[in-house]
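# Chains, contacts and geometry: an overview
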Amino acid sequence: MATAAGVTQAVFPEGGLSRDGRLRPPKLGILDYMLRAFDPKEGRDIVFVPTGINYDRTFEDRSFLIHRGTAVQRRGAATNTFGFVMRNLWLIARNRWHRFGYACVNFGSPISLRGWVEARGIDFRTLGKEERSRRLEELASELMEAVARVIPALPVSLVATIVVRSLERGFSELELKAAALSLMESLEARGAHVYVPRGDQDYAIAVGLRMLTLRRLVVSNDGIYRVASGQMPLLEYYAHAIAHLVDGAA
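In short, a report on the structure. (Residues numbered from 1 in each chain as written. Predicted model: local features only at pLDDT ≥ 70, side-chain atom pairs only at ≥ 80, totals over all residues. Heavy atoms only, no water.)

With antiparallel pairing, three strands are arranged side by side in an open sheet as E5-E7-E6. Edge positions in the sheet fall to strand E5 (171-172) and strand E6 (218-221), since each of these pairs with one other strand and no more. (Pairing = 2+ DSSP bridges. Helix = DSSP H or I, 4+ residues; strand = E, 2+ residues; numbered from the N terminus.)

See the structure below:
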């Protein structure tokens, strides 16, 4: 009814939050509802606007890893919350508190359902069960690919990717910045949206590294940065947000 009335709807095609930071396979239920009475010849078109969202900090990140059974600070939710609040109060008291990074949203080109079905010469109302299911999966996959293309690359994801992909070695700050800058240029060359706060690439990389060191996911010994003990799963969580973009750039 909402679709037929032309109501703008925000839909999470994966059906929930990612537990490991990666894009999840789409669920077809709500898409099936939307297409059930769609008339490709008359009435309203349905237009999908691919929307990619990324965060430098997801507050539930450790809880997600606990639910997945990953061994990373296995404490209860109440303990995690209390520790989070106390740590931030301590940082504020020492004048070392910083914001939690950046959140960014990016929009792709609209996709017309009418144009999509006309290009394939189909009408969902007349398809048999198996053919309908196959076409739904085809449409959902194309929509997810469109979403994947517009997910922004943020400072934390960029720096986490560099650290995770070079686990066997450490980085000086200069080496890490050089590697992150190269990755940013590779992503931009392929059309990915790399968010650069203040328009300053060096600042963007420094902010990503600062976030990871403040959270003790990355440690520095004698000027060499390495993954902190037991924190690889959480670093991978943030690297996974742009893994599909990085693989394409590679």
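Now, onward.
Now for the pattern of salt bridges. Per the stated rule, a full pass over the model turns up twelve salt bridges. Across the salt bridge formed by Arg 132 and Asp 32, the nearest N and O atoms sit 2.5 Å from each other. With Arg 132 in helix H5 (residues 129-149) and Asp 32 in helix H1 (residues 29-35), the pair connects residues that are 100 residues apart, well separated along the chain. Of the two residues examined, Arg 132 and Asp 32, each falls in the buried class. For the salt bridge of Lys 177 with Asp 202, the shortest nitrogen-to-oxygen distance reads 3.1 Å. In this pair, Lys 177 is assigned in helix H7 (residues 173-189) and Asp 202 in helix H8 (residues 201-214), connecting sequence segments 25 residues apart. The class for Lys 177 is buried, based on a relative accessible area of 17%. (Salt bridge = Lys/Arg side-chain N within 4 Å of Asp/Glu carboxyl O. Buried < 20%, exposed > 50% of the residue type's maximum accessible area, 1.4 Å probe, protein only.)

The next subject is the packing of aromatic side chains. Under the counting rule described, the total for this entry stands at three aromatic pairs. Between Tyr 237 and Tyr 238, the ring centres sit 5.0 Å apart and the planes meet at 85 degrees, which makes this aromatic pair edge-to-face. (Phe/Tyr/Trp six-rings, centres within 6.5 Å; stacked < 30°, edge-to-face > 60°.)

On to the nonpolar core. Counting residues in hydrophobic clusters, the biggest one holds 36 residues, and the most contacted among them are Leu 158, Leu 176, Leu 187, Leu 212 and Leu 235. Contributing elements (two or more residues each) for this core: helix H2 (61-67), helix H6 (155-164), H7, H8, helix H9 (232-240) and helix H10 (243-249). If you tally residues by element for this core, the top one is H6, at seven residues. Excluding its chain neighbours within four sequence positions, the residues that come into contact with Leu 235 are Ala 160, Val 163, Val 164, Leu 212, Leu 217, Val 218 and Val 227. Counting residues in hydrophobic clusters, the runner-up holds 15 residues, among them Phe 48, Leu 113, Trp 116 and Leu 143. (Core = buried A, V, L, I, M, F, W, Y, C linked by side-chain atoms within 4.5 Å. Contact = heavy atoms within 4.5 Å.)

The residue Arg 198 is not glycine, and still its phi comes out positive at about 65 degrees. Within the secondary structure, Arg 198 sits in the loop between H7 and H8. Classification of Arg 198 by relative accessible area gives exposed; the value is 69%. A positive phi angle is found at Asp 222, which is not glycine, with a value near 55 degrees. Of note, Asp 222 is situated in the loop between E6 and strand E7 (224-227).

Where helix H4 (residues 113-120) contacts H5, the axes come no closer than 12 Å and their chain directions differ by 130 degrees. What the angle tells us is that H4 and H5 run oblique. Classified by chirality, the crossing of H5 by H4 is right-handed. Across the interface between the two elements, Leu 113, Trp 116 and Arg 120 of H4 pack against Arg 135, Glu 138, Leu 139 and Glu 142 of H5. (Axes fitted to C-alpha atoms, helices over the stretch in contact; angles between N-to-C directions. Parallel < 35°, antiparallel > 145°, perpendicular 65-115°, else oblique. Left-handed = near helix turned anticlockwise from the far one by under 90°.)

For E6 and E7, the ladder comprises four bridges, and the chain directions are antiparallel. If you follow Val 218 over to E7, its bridge partner there is Val 227.

In this section: H8. For H8, spanning 14 residues, the distance from its first C-alpha to its last is 20 Å, which sits close to the expected 20 Å at 1.5 Å a residue. Along H8, the positions that sit buried rather than exposed are Tyr 203, Ala 204, Ile 205, Val 207, Gly 208, Leu 209, Met 211, Leu 212 and Leu 214. Its side-chain oxygen at 3.0 Å from the backbone nitrogen of Asp 202, Asp 200 defines the N-terminal cap of H8. Phi turns positive one or two residues past the end of H8, at Arg 216, with a value near 60 degrees. (Expected span 1.5 Å × (residues − 1). Polar contact = N/O pair within 3.5 Å; in protein donor to acceptor, adjacent residues only side chain to side chain.)

Taking every second residue as pointing to the same face, the buried face of strand E2 (residues 51-55) carries Gly 52 and Asn 54, while none of Thr 51, Ile 53 and Tyr 55 on the other face is buried. Where E2 lies against strand E3 (residues 103-107), five bridges are found, and the strand directions are antiparallel. Looking across to E3, one finds that Thr 51 is bridged to Phe 107.

Helix packing geometry: the angle between the two helix axes and the distance between the axes. Two elements in contact, H6 and H9, have axes separated by 8 Å at closest approach and are oriented at 125 degrees. As far as their axial angle goes, H9 and H6 are oblique. The hand of the H6/H9 crossing is left-handed. Here Val 156, Ser 157, Ala 160, Thr 161, Val 163 and Val 164 of H6 lie close against H9, whose contacting residues are Met 232, Leu 235, Glu 236, Tyr 238 and Ala 239. Grouping the amino acids of the contact of H6 with H9 by side-chain chemistry returns eight nonpolar, two polar and one charged. (Nonpolar A, V, L, I, M, F, W, Y, C, P; charged D, E, K, R; others polar.)

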